[in-house]
Amino acid sequence: MHLTRSIYQLALSTLVALPTAALAQTCTPDEIFAPEQRLLVGESPVDIAIGDLNGDGLMDIATANISDDNVSILLGRGDGTFTFGQPAGPSVGANGLAIGDMNADGLPDLVLVSLNNLVGVMTGRGDGTFEPQRSFGIGEAPGDAPALGDLNGDGFLDLVAANRLGNDVSVLLGRGDGTLDAQRRFATGEVPLAPVLADLNGDSFLDLAVANLQDNDVSVLLGRGDGMFRAEQRVPVGSGPRGVAISDLNGDRTLDLAVANFGGDVSVLLGRGDGTFEVERRFAAGIEPRGVVVGDLNGDGVRDIVVANNRSAGVSVLVGRGDGTFEAEQRFGTGFSPEKLALQDLDDDGDLDLAVTTNNFDIMFGDEVSVLLNQCRPATCQADLDGDGSLTIFDFLAFQNLFDARDPVADFDGDGEFTIFDFLAFQNAFDASCP
C-alpha cells in the first residue's frame, strides 16, 4: 500500500524543517486515562469495533448486541463524544464483530459471527448506515470477533472465525464483492477463541493465533499464502486463555503474543521471528480477564497492554518497559462486567483512547460502552522517522517504506495491524510537530 495522493500532497505542502525535541512525559501510569464516560448501547453488547463509518475522518464505534440482535452505531464528533446513529441489523445471535472493506469499494463494512453458525456481512453505504446482512455458513458456536486479512494475496479481505464447539477455525476467502467462498476448516485446541492474524515468521504471509480456553494454550497456524494453513503448533499459556493480541513487545522488530488468562493474569510470549515463541512470562491482572489490546498509551515508543477484568468494574493497564516485561497493573474504572476493548484515537489528538463494552447477562444494567480518553502527551517526537531532528517530506517517505515492509515501527496506531489508520495516525503526529 502506498501513500494516497492527498497525503502525499500534504507532505509537499508542509515541506518545512520543524525542530524536534523530547517531550516531557506528563502522566504517570496511574494517570494515563481520564475517568470514564458511559454511553448507552443495545442490550448485552458482546463485542466492539472502531472505524470511520460515515466518512467524516473521525472515529466511530460499533457494538454487537447479542440480546437485541443488532449493531449499535455511535458516530464520533472528534472530541471523544458521540451521537447515536441508526442501528444496523438485524443480526440474530451476533457474538463477534469486525470492521473491514469486504467489497473493495473503499467503504467500511460490518462483519459479524453469530451463534447460529453463520457469518454475516453488512456492506456500508459510507454514511454510517449499512445494507441488510448476507450470511454464510461457518462452524459450530463461533465466538469472538472474526479476524480479517488477505490470506491468498488477491487483494481482497478474507475471514477467519473460531468455532468454540467445533474445536477448529473456519476460513472463508473473500471474492471482493461482499460475498465469501465456502468455508474450509482447520483444527485447533479445545474451545478456540479470539482469532488474530499477523505475519509471525517473516515470510510475508499471514499466520493465525487462537486461544484454546480448555487446553490452556494457544494454537499457532502458519499461513501458506494461498488461503490455507499448516497444522497447528501449540504454545502453553496460563489458565483459561480468553483473548490474544499480537505486537512487538520488546522492540526487536519481531511479533510477540499477549494472552489474557481467565485465571487472573496475562501471558507474554516473545517471538523468535520464525513462528515460535519463548516460554511465557506472566503478569498479574484483575479478576477474570477477557479482552486484551496492545498499544503505546504513554507515548514512550513502547507497547503497553490493557485487559478487561470481567468480574469487576475496570480494566488493568500494564505499562511496558521495552524489554518484554511490564510494570505492575494500574486499574481504571469502567461499567460493570467489562468484556471487550478497542484502542483508537477517539478525540483526534494523536494518542490512543480506550472503548470498553460492559454487560451482565444476569442483571438488568450495564449495557453500555465506557470511553476512557488518554491524558498523556507523547514522550518523543514520533513523526521524525528519519531521525534528522526535523520534520520533512523525508519522514513521509520513511513511513511509506516502513509501512510497505510491514515494519512494526509503522504500526502508528499501535493495534498490531497495518491499515489506513496508521497513515492517519502518522499524519496527525506530523501535523502536531514537536515543541
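Heads up: these notes are all about the structure in this document. (Residues numbered from 1 in each chain as written. Predicted model: local features only at pLDDT ≥ 70, side-chain atom pairs only at ≥ 80, totals over all residues. Heavy atoms only, no water.)

A closer look at empty space enclosed by the protein
Empty space among the atoms can be located by rolling a probe the size of a water molecule over them. Counting across every chain of the model gives one cavity of 30 Å³ or more. Computed from the structure, the largest cavity encloses a volume of approximately 50 Å³. Every residue along the wall of the largest cavity is listed here: S247, D248, L255, R303, P408, D411, G416, E417 and F418. (1 Å grid on protein atoms, 1.4 Å probe; cavity = no way out; pocket = protein on both sides within 12 Å on 5 of 7 lines; lining within 4 Å. Points joined across faces, edges and corners; volume = space filled by probe spheres on them.)

Observations concerning the layout of surface pockets
Size it by volume and the second largest pocket reaches roughly 840 Å³. Looking at the second largest pocket, it is lined by 45 residues, and the ones nearest its centre are Q382, D411, F412, D413 and G414. With six residues, the single largest contributor to the lining of the second largest pocket is helix α3 (residues 420-432). (Helix = DSSP H or I, 4+ residues; strand = E, 2+ residues; numbered from the N terminus.)

Some remarks on the packing of aromatic side chains
Scanning the entire structure with this criterion turns up 13 aromatic pairs. Ring geometry for F396 and F426: centres 5.1 Å apart, planes at 85 degrees, overall edge-to-face. Residue F396 is found in helix α2 (residues 393-404), and its partner F426 is found in helix α3; the two are separated by 30 residues along the sequence. The exposure class of F396 is buried, given its relative accessible area of 1%. Judged by relative accessible area, which is 2%, F426 ranks as buried. Ring centres of F399 and F426 lie 4.7 Å apart, and the angle between their planes is 10 degrees; on these two criteria the pair is classed as stacked. Here F399 is found in helix α2, whereas its partner F426 is found in helix α3, with 27 residues between them in sequence. You'll find F399 and F426 in the same group, each marked buried. Grouping aromatic residues by their ring pairs yields a cluster made of F396, F399, F403, F412, F418, F423, F426 and F430. Geometry around F262 places R242 over its ring, the cationic atom sitting 5.3 Å from the centre. (Phe/Tyr/Trp six-rings, centres within 6.5 Å; stacked < 30°, edge-to-face > 60°. Buried < 20%, exposed > 50% of the residue type's maximum accessible area, 1.4 Å probe, protein only. Lys NZ or Arg CZ within 6 Å of the ring centre and 35° of its normal.)

A closer look at the state of the cysteines
Taken as a whole and judged by the stated rule, the model has one disulfide. Put simply, C27 and C376 are joined by a disulfide, and their sulfur atoms are 1.6 Å apart. With the S-S bond torsion at 90 degrees, the cross-link from C27 to C376 turns out right-handed. Taken together, the positions of C27 in the loop between α1 (5-13) and β1 (37-40) and C376 in the loop between β28 (368-372) and α2 put the pair 349 residues apart, joining distant regions of the chain. Like C27, the residue C376 is buried in the burial classification. (Disulfide = S-S within 2.5 Å.)

Regarding the side chain of D52
For D52, the position within the fold is in the loop between β2 (45-51) and β3 (60-65). Here D52 is buried and forms no salt bridge, its nearest opposite-charge partner R77 lying at an N-O distance of 14 Å. A distance of 3.3 Å separates a polar side-chain atom of D52 from the backbone nitrogen of D56. In this structure the side chain of D52 is engaged in a polar contact, spanning 2.8 Å, whose partner is the backbone nitrogen of G57. (Lys, Arg positive; Asp, Glu negative; His and termini not counted. Salt bridge = Lys/Arg side-chain N within 4 Å of Asp/Glu carboxyl O. Polar contact = N/O pair within 3.5 Å; in protein donor to acceptor, adjacent residues only side chain to side chain.)

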